[in-house]
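Report on the structure
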Amino acid sequence: MLSAILNAFRVPDLRKKIIFTLSIIVLYRFGCFIPVPGIPVNSLTSAFQGAQEGTGQMMVFLNLFSGNALSHFSVLSLGIMPYITASIIMQLMQGVIPTLQRWQREGESGQKKVTQITRYLTLFLGLINGIGYLFLFQSAQYGVVLTQSLPHLFSSVVIVFTLVAGVALIMWMGELITQRGVGNGMSLIIFANIVAGFPGAIFASLGYGQFTAEAVGMTVLIFIVVLLVIPGIVLIERAQRRIPINYAKRIQGRRVMGGTSTYIPLKVNGAGVIPIIFASALLYFPAQIATFFNVAWLTTFANWVTTGWLNWILDFLLIVFFCFFYTSMVFNPEETANNLQKQGGFIPGVRPGSATVTYIRNVLHRITLPGGFYIGAIAVVPSILFAFNADPLIKAFGGTSILIMVGVALDTMSKIESQLKMHHYEGFFK
């Protein structure tokens, strides 16, 4: 591992990408602590920490995915969730709107149109969330009073505008990392948000420095469970089902082409960490709506779907669903079968054409289902095991957080691995 890291910094191009990625993440974390103008930070922080009922539980999760920016009401308080929610909506709409389907097939030009609409939708969702958070923090539960140096309406407009600008800044940072850095920018921002809360959660789990035997024992037990879960996640993330492919011999001029054998690698979890992120975004979407309307029954419903047995069931089902949904979006059996037929390739024992399409689709379904069940179980089981424990480390880092961190780390390492292989260096995976 250490030699692979050193090799990555020996490649000038890769070194620049890694440093650029780390610089953007540091800049993002710095922005998480810059409060919006007109907010009394000290009173807000005290009210946020003291809110244990009502929206308190769901705000813990929203604060986690914002990297604690929400508790400071910083310019980046809305985090990455508006963009994730917009991406989910666009992915679902591509299955029902023919125009979006056509754009998706047009390649880069069509993808630019879809990306542009996603950006506008993200800003619209950010506007709704910004207004909702402003109303919530001025409600009786938090009781935050805006600074009186400016008119109330003007201060509210400035705060909401700043929050929406923060959403645009996060989008820009994520796209910069994807284009000029290493890995997927949005996933790395979520990874940074979760990891940022790790030291504070450990400190709180240990009793804020009191180090009682019960607190230390529980913290150690949590780490043991996490260490046992991580190898299973890595196993599923790296697992493949390889479909053998043979190419028929053909003569072009005086040369004999083809006659070789290869395979199609189908990952057990072909969707990567996307189903986990999408499932989390959908489950926490009612919480975002509840902050906007601040209605008792909607707040209660948001708490139900973000904690407890209903959250576990919905989280499991949504992860399995998005495993199938996203895999079908990124891997098209018909297109693969047509490409094989054009290149003279075939699956041994399977006729070209529709039979090949059916065979590939069946294999894809057979490996996606257990993969989705396994990842869903890893996301839910740790939360169930520690459901009746009030340890802050458990509340902040359930199975979903672990899956996101490990999945993003593996995806980023794979991209660095491919760069190292191009320069004839040994990578992380041996």
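Residues numbered from 1 in each chain as written. Predicted model: local features only at pLDDT ≥ 70, side-chain atom pairs only at ≥ 80, totals over all residues. Heavy atoms only, no water.

1. Here we look at the sheet that holds strand β4 (residues 261-267)
What counts here: Strands qualify as paired when DSSP identifies two bridges or more between them. Per the convention used, a helix needs a DSSP run of H or I reaching at least four residues, while a strand needs a run of E reaching at least two, with both numbered from the N terminus.
Pairing is antiparallel across the open sheet formed by 3 strands, whose spatial order is β4-β1-β5. The strands lining the two open edges of the sheet, one partner per strand, are β4 and β5 (345-346). Inspection of the sheet shows strand β1 (residues 240-247) paired to β4 by 7 bridges, in the antiparallel sense. Paired with P244 across the bridge in β4 is Y263.

2. Points about the pairing of β1
Examined bridge by bridge, β1 and β5 share 2 bridges and lie antiparallel to one another. Looking at the pairing, N246 lines up with F346 of β5.

3. Examining the confidence of the model for the protein
Rules: A residue's pLDDT is simply how confident the predictor is in it, with values from 0 to 100.
Overall, the predicted model of the protein reaches an average pLDDT of 78, with 80% of residues at or above 70. Put simply, strand β3 (residues 255-257) is where the protein has its lowest mean pLDDT, 61, and helix α2 (residues 12-31) is where it has its highest, 89.

4. Some points on the environment of I402
Selection rule: The contact criterion used is simple: two residues touch if any of their non-hydrogen atoms lie within 4.5 Å.
With respect to the helices and strands, I402 occurs in helix α19 (residues 399-422). Between the C-alpha atoms of I402 and A379, which are 23 residues apart in sequence, the distance is 7.8 Å. With sequence-adjacent residues up to four places away left out, I402 is seen in contact with V226, I230 and I233.

5. So, the nonpolar core
To be explicit about the condition: Here the nonpolar core consists of buried residues drawn from Ala, Val, Leu, Ile, Met, Phe, Trp, Tyr and Cys, with membership extended through side-chain atoms lying within 4.5 Å. Categorising residues by exposure relies on relative accessible area from a 1.4 Å probe, with only protein chains included: less than 20% of the type maximum marks a residue as buried, more than 50% marks it as exposed, and the intermediate range marks it as partly exposed.
Core analysis: the biggest nonpolar cluster contains 73 residues, and F65, F73, I84, I190 and I404 have the highest contact counts within it. In contact with F65, not counting residues within four places along its chain, are M81, I190, N193, I194, S280, Y284 and I404.

6. Concerning the environment of Q101
The topology assignment puts Q101 in helix α7 (residues 98-105). Looking at Q101, the relative accessible area reads 29%, which means it is partly exposed. Between the C-alpha atom of Q101 and that of V114, which follows or precedes it by 13 residues, the distance is 9.8 Å. Q101 has contacts with Q94, G95 and V96, leaving out every residue within four places of it along the chain.

7. Considerations on a nonpolar patch on the surface
Heads up, the rule is: Patch membership needs two things, relative accessible area over 30% and no salt bridge, and members are linked within 9 Å if like-charged or within 5 Å if nonpolar (Val, Leu, Ile, Met, Phe, Trp, Tyr). Method for areas: the Shrake-Rupley scheme with a 1.4 Å probe, in which residue coverage is limited to the protein chains shown. Every case where a carboxyl oxygen of Asp or Glu lies within 4 Å of a side-chain nitrogen of Lys or Arg is listed as a salt bridge.
Residues I89, L92, M93, V96, I97 and F321 make up a contiguous nonpolar surface patch of roughly 470 Å² in combined accessible area. In terms of residue count, the dominant contributor to the nonpolar patch is helix α6 (residues 81-93) (3 residues). Mapped onto the secondary structure, I97 falls in the loop between α6 and α7.

8. What about the packing of helix α14 (residues 296-306) against helix α15 (residues 308-330)?
Worth spelling out the cut-off: Fitted lines through C-alpha atoms serve as axes, helices being fitted only where they are in contact, and the angles separating the N-to-C directions of these axes extend from 0 to 180 degrees. Between 65 and 115 degrees an angle is taken as roughly perpendicular, under 35 as roughly parallel, over 145 as roughly antiparallel, and anywhere else as oblique. Classification convention: Asp, Glu, Lys, Arg as charged; Ala, Val, Leu, Ile, Met, Phe, Trp, Tyr, Cys, Pro as nonpolar; all other residues, Gly among them, as polar.
Remark: α14 packs on α15, axes separated minimally by 5 Å, with the N-to-C direction vectors making an angle of 60°. Accordingly, the angle class assigned to the pair α14 and α15 is oblique. Residues W304, V305 and T306 of α14 lie in contact with α15, whose contacting residues are L310, N311 and L314. Taken together, the residues of the contact of α14 with α15 sort by class into 4 nonpolar, 2 polar and no charged.

9. A look at the packing of aromatic side chains
In plain terms, the rule: Paired rings are identified among Phe, Tyr and Trp, the last through its six-membered ring, by centres lying within 6.5 Å, and are further divided according to the angle between planes into stacked (under 30 degrees), edge-to-face (over 60) and tilted (the rest).
All chains considered together, the criterion is met by 4 aromatic pairs. Arranged with centres 5.7 Å apart and planes meeting at 25°, the rings of F316 and F373 form a pair that is stacked. Separated by 57 residues along the polypeptide, F316 in helix α15 and F373 in helix α17 (residues 354-385) bring together distant segments of the chain. A residue is classified by how much of its surface remains accessible, and F373, at 40% relative accessible area, is partly exposed.

10. What about helix α11 (residues 198-205)?
Going by this rule: Read the arc as the range of directions from the helix axis to the C-beta atoms.
A201, I202, A204 and S205 are the residues of α11 that are buried. An end-on view of α11 places all buried positions within 165° of arc, on one side of the element.

11. With respect to the packing of α2 against helix α10 (residues 185-196)
Under the convention used in this document: For any pair of crossing helices, the crossing counts as left-handed if the nearer helix is rotated counterclockwise from the farther one by less than a right angle, and right-handed if it is rotated clockwise.
Direction vectors running N to C along α2 and α10 enclose 55°, while the axes themselves pass 11 Å from each other. With respect to each other, α2 and α10 are oriented oblique. The chirality of how α2 crosses α10 is right-handed. On α10, the residues that touch T21, I25, Y28 and R29 of α2 are L188, I189, A192, N193 and A196. When its residues are assigned to classes, the contact of α2 with α10 shows 6 nonpolar, 2 polar and 1 charged.

12. Notes on the environment of L310
Of note, L310 is situated in helix α15. Take L310: its relative accessible area is 22%, and that puts it in the partly exposed class. With sequence-adjacent residues up to four places away left out, L310 is seen in contact with W304 and V305.

13. A closer look at the pattern of salt bridges
Overall, the coordinates contain 4 salt bridges when judged by the stated rule. Two residues, R361 and E334, come together in a salt bridge whose shortest N-O distance is 3.9 Å. Residue R361 is located in helix α17, and its partner E334 is located in helix α16 (residues 333-342); the two are separated by 27 residues in the primary sequence. What makes R361 partly exposed here is its relative accessible area of 31%. With relative accessibility at 43%, the residue E334 sits in the partly exposed group.

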